[in-house]
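# Structural overview for review
Residue strings, one per chain:
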Amino acid sequence: MNAVITCKEVTKTYGKKKALDHLSLSIPGNGIVGILGPNGCGKSTFFRSLVGLVKPDSGQMKILDRKPGWKTNKDIAYLPDRARWYPNHTVDEAFKWAKHFLDHFELETAIKLADYMDIGRDMKVQGMSRGQEARLMLILCIARNVPLVILDEPFTGIDIISREQIIDGLIDYLQERNQTILISTHEIHEIEGLFDYSIFMDKGTAIWSGETETLRAQYGSMHQVFKTFYKRRLERQ
Amino acid sequence: MENQQVGSIHFQIDFSQPLYEQILDQFRSSIAKGEIDLGDKIPSVRELAQALKINPNTVMRAYQELERDGLTEKRRGQGTFVTASKEQVDHFRHQLAGKYIESFILQMENLGYSWSDIKTYMDKKHLGN
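Computed from a predicted model, the values in this text were never measured in an experiment.

Cut-offs used in this document
- Residues numbered from 1 in each chain as written.
- Chains lettered and ligands numbered in written order.
- Predicted model: local features only at pLDDT ≥ 70, side-chain atom pairs only at ≥ 80, totals over all residues.
- Heavy atoms only, no water.
- Helix = DSSP H or I, 4+ residues; strand = E, 2+ residues; numbered from the N terminus.
- Rg over C-alpha atoms; globule rule 2.2 N^0.38 Å.
- Buried < 20%, exposed > 50% of the residue type's maximum accessible area, 1.4 Å probe, protein only.
- Contact = heavy atoms within 4.5 Å.
- Areas by Shrake-Rupley, 256 points an atom, 1.4 Å probe, with all protein chains shown as cover.
- Lys, Arg positive; Asp, Glu negative; His and termini not counted.
- Charge placed at Lys NZ, Arg CZ, Asp CG, Glu CD.
- Salt bridge = Lys/Arg side-chain N within 4 Å of Asp/Glu carboxyl O.
- Phe/Tyr/Trp six-rings, centres within 6.5 Å; stacked < 30°, edge-to-face > 60°.
- Expected span 1.5 Å × (residues − 1).
- Axes fitted to C-alpha atoms, helices over the stretch in contact; angles between N-to-C directions.
- Parallel < 35°, antiparallel > 145°, perpendicular 65-115°, else oblique.
- Nonpolar A, V, L, I, M, F, W, Y, C, P; charged D, E, K, R; others polar.

## Quick word on the overall build of chain A
Scanning chain A for helices and strands turns up nine helices and nine strands. Relative to its length of 237 residues, chain A is compact, with a C-alpha radius of gyration of 18 Å against a globular reference of 18 Å. Looking at chain A residue by residue over its 237 residues, the buried ones come to 54%. Put simply, 70% of the contacts in chain A that link residues at least 6 apart link residues at least 24 apart. Taken as a whole, chain A presents about 11200 Å² of accessible surface, with 49% of it coming from carbon and sulfur.

So, in structure tokens, the structure goes:
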């Protein structure tokens, strides 16, 4: 499989803290990739550097064989963590906005997804629950027909019903396209069945990665692996 | 272990084992045992993936293998159906039984049992039960 993303020795420091510490990895294309690790392990910094919001101090990073920048961003749909939308927009207005400003945004797909994820199109963002707004943000992201989708903690602070609707929406939509979707989460249990490939991060570096089915055959569920890994880490400290 | 009922089929998914094999094995055994009737429609890839919360690619791979087994057939625009042929299912069942026995014998031989040991052992086991 061709790598969609490669990192070589990527480092980013904030003051004394190393958010990314000689991160080296290679992510294969066409599938769902789980980026797993506890809070502060460097997941979000890694994602931000993929879309050029963070500039690494050193190391090399390539997306779709190019350096991250505005050119590669056309091909990436990125959902930041804690993403919010304009409160005075309705869903339809948000879609209209997206149609104008986001590359490869497909209005029809968005409408289909909204229907599927139970988001009324005349609904105003202001009046939405956290879960509804999260679903809207996700729709705006995945209705773009781009080769790479990055979802940073799409399930945080969202009720179980919304989470299930998001997962169903992802499955629904996955069938129709060949894309790479990176999902970071620490709520592994509900979604681990979706991961084709898993990467475990800790302290700014990738400590473990591989085909999820292979990892499963060797070590058990990603949920168990996650617990074992980070328990060991806590014990070392 | 997660239990899920999808249509008439019951699934048990264990996330600590490869998912592809679990889906394939559960379909094979449900069809072989007759829990799913001959000619019945099986869930679409999307339905099963959503019910089990697993990657549709994994389901698709398992479905392709079932088709290669001769246990299911795709009908254009209608979905995937269990074969209507009892011979086909019986044939598969015999093949699988043969494979299981071969691997059982191999494992026993690796433990140092001869064929007559194995027979004695099985008779004892059978009487014991």
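From this point, the narrative continues.
## A few points about the overall build of chain B
Helix and strand counts for chain B stand at five helices and five strands. In chain B, the order of α-helices and β-strands from amino to carboxyl end is β-β-α-β-α-α-β-β-α-α. Relative to its length of 129 residues, chain B is extended, with a C-alpha radius of gyration of 18 Å against a globular reference of 14 Å. A principal-axis box enclosing the C-alpha atoms of chain B has dimensions of 55 × 35 × 25 Å. The buried share of chain B, reckoned over its 129 residues, is 39%. When contacts within chain B are restricted to residue pairs at least 6 apart in sequence, those whose partners lie at least 24 apart make up 47%. For chain B, the exposed area adds up to about 8100 Å²; of that, 49% sits on carbon and sulfur atoms. Positive and negative charge centroids in chain B, built from 16 and 18 side chains respectively, lie 4 Å apart.

## Quick word on the pattern of salt bridges
Going through the model one piece at a time under the given rule, you end up with 18 salt bridges over all chains. Ionic pairing is found between Arg216(A) and Glu192(A), a salt bridge with its closest N-O pair at 3.4 Å. Of this pair, Arg216(A) sits in helix α8 (residues 212–219) while Glu192(A) sits in the loop between α7 (188–191) and β8 (197–202), placing them 24 residues apart in sequence. Taking relative accessible area as the criterion, Arg216(A) reaches 1% and is therefore assigned buried. A salt bridge links Glu65(B) to Arg68(B); the shortest N-O distance between them is 2.9 Å.

## Structural notes on the packing of aromatic side chains
One pass over the structure, following the stated rule, counts 11 aromatic pairs over all chains. Here the aromatic rings of Phe46(A) and Phe47(A) are separated by 5.8 Å at their centres, their planes lie at 35 degrees, and the arrangement is tilted. By the burial criterion, Phe46(A) is buried, and Phe47(A) matches it. Plain terms: the ring middles of Phe11(B) and Phe27(B) are 5.4 Å apart, the flat faces sit at 70 degrees to each other, and that makes the pair edge-to-face. Taken as a pair, Phe11(B) in strand β2 (residues 9–13) and Phe27(B) in helix α1 (residues 19–33) lie far apart in primary sequence, 16 residues in all. Side by side, Phe11(B) and Phe27(B) carry an identical accessibility label, which is buried.

## Looking at helix α4 (residues 86–110) of chain B
All names here are of chain B. Look at α4: 36 Å from first C-alpha to last across 25 residues, which is about the 36 Å you get at 1.5 Å a residue. Regarding α4, the residues found buried are Val89, Phe92, Leu96 and Met108. Phi turns positive, to about 95 degrees, at glycine 112, one or two residues after α4.

## Topic: the packing of α4(B) against helix α5 (residues 115–128) of chain B
Each pair of packed helices gets described by two things: the angle between the helix axes and the distance between those axes. Residues and elements named next belong to chain B. With their axes 10 Å apart at the nearest point, α4 and α5 run at an angle of 110 degrees to one another. With respect to each other, α4 and α5 are oriented roughly perpendicular. Across the interface between the two elements, Phe104, Ile105 and Met108 of α4 pack against Trp115, Ile118, Tyr121 and Met122 of α5. Considered class by class, the residues forming the contact of α4 with α5 number seven nonpolar, no polar and no charged.

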